[in-house]
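# Coordinates in review
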Amino acid sequence: MVTYENLHDTLSFYNIDCRQSYYISSGNPIFKFPTASFRMDYYALCICTEGEINIEIDNRKYKVDAHSFFIAAPSTIVKFLKTSENFMMKLLFFDKNFLIKNISNPFIIEKMNLFTKGSYSIVKTTEKNSIQLQNLLDYLKKKSEKQGKFTEEIIRTIIFNVLLETAEIIEQQSHTHSEKEEGKKDLFLKFSQLVRENIREQRTVQFYADQLCLSHKYLIEIIKKASGKTPHEVIDETLLKEAYVMLGNPEITISEIAFRLQFNSASAFGRFFKKHTAFSPSEYRVKENIQS
C-alpha cells in the first residue's frame, strides 16, 4: 500500500506540480490511476460527471456513476479497480490546516456530518445537485488561477460553500438531529480522533472513557447511538487501517508489524487480521502482489 503524505506527492503521480494546499481538477478524462491501495492524508471530493468507476474504499467495493459523488476524510484507504472508457470526474483535494486557518473549532468539518460511513460517503444525487456542485468547483478553479491579496480567503470561502452544499445534499437523505444527538455526535468525533492518535498504544475502551471523563457504560451508549458501532468496533477498524498501511510496505515483516501494533505475537496479529478480512497477513500480501 502506498501512503501519500501530502497533496504534492499525490498529484505528482499524474505529473501535476502543485505546491498549494488545495487542488481543483480540470474535469478532463483521466487515463491513469494508481494500481495499489493508498491512504489519503487530505480531504477529497470527487464528482463523477460521465461514465462509471469501480472503487474499493476501506476494503469495501462500490460503483460510482454519473451524478454520484465520493467525499472522504484523511486516513481513508482507496483503491481504483476499473473505469469505463468514457469516465470523467471533477475533484477537489484540500488540506484541513489550510481550510480551518483562523477558525477556532477544529471539528467544523466533521460537524457537517459529511462522512456517513466513518471517514467517507458515496452519494447518488440528482443531475441538478450534481451540476450545482460542479459549477462551484468550476468557479473555485477560476478563482484559484488568479493570485491576489485575498485569494486564499476567497478559496477558503468557496471550499466551505462546496462542503456546506454537499452536507445539505447528504442531509436531504437522512433525518435531522436534535441538539442532544448533536452533543453525542461531538463526543463521537472526539472519541474517533483520540483513537486515531493513540491506536498503536491504547486499545481498551476504558482508556478512552477516562480521556473523555465518561463512564465505560456511557461511552458505549453514545458511540453506539452516534455511529451504530461499539467502541470496540471503532477501535478494531482503526487498528485494521494501520495494519493495511504497514502490510503495504514490503520492507516491514509481519512479525515487526505485530510488534509495532503491540500484539503479543505474530500469530495473534494474524488471527486479528483474518477475523476482519478473511485473509491472513501473508495471504493479503500475495493477493495485493506486495513483495520485498
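Scroll up for the structure.
Residues numbered from 1 in each chain as written. Predicted model: local features only at pLDDT ≥ 70, side-chain atom pairs only at ≥ 80, totals over all residues. Heavy atoms only, no water.

Here we come to the packing of helix α3 (residues 127-144) against helix α4 (residues 151-172). Orientation of α3 relative to α4, taken along the N-to-C sense of each, is 170°, at an axis distance of 10 Å. Taken together, the axis directions place α3 and α4 in an arrangement best described as roughly antiparallel. Two secondary-structure elements touch here, α3 through N129, Q132, L133, L136, L137, Y139, L140, K143 and S144 and α4 through T151, I154, I155, I158, I159, N161, V162, E165, T166, I169 and Q172. In the contact of α3 with α4, the residues fall into 11 nonpolar, 7 polar and 2 charged. (Axes fitted to C-alpha atoms, helices over the stretch in contact; angles between N-to-C directions. Helix = DSSP H or I, 4+ residues; strand = E, 2+ residues; numbered from the N terminus. Parallel < 35°, antiparallel > 145°, perpendicular 65-115°, else oblique. Contact = heavy atoms within 4.5 Å. Nonpolar A, V, L, I, M, F, W, Y, C, P; charged D, E, K, R; others polar.)

The next subject is empty space enclosed by the protein. All chains considered together, the criterion is met by 1 cavity of 30 Å³ or more. Quantified by volume, the largest cavity comes out at close to 70 Å³. In terms of lining residues, the largest cavity is bounded by 12 residues, among which S37, E56, N59, I77 and Y284 are the most central. Per-element accounting of the lining of the largest cavity gives the leading share, 3 residues, to strand β8 (residues 77-83). Considering only residue class, the lining of the largest cavity consists of 6 nonpolar, 2 polar and 4 charged. (1 Å grid on protein atoms, 1.4 Å probe; cavity = no way out; pocket = protein on both sides within 12 Å on 5 of 7 lines; lining within 4 Å. Points joined across faces, edges and corners; volume = space filled by probe spheres on them.)

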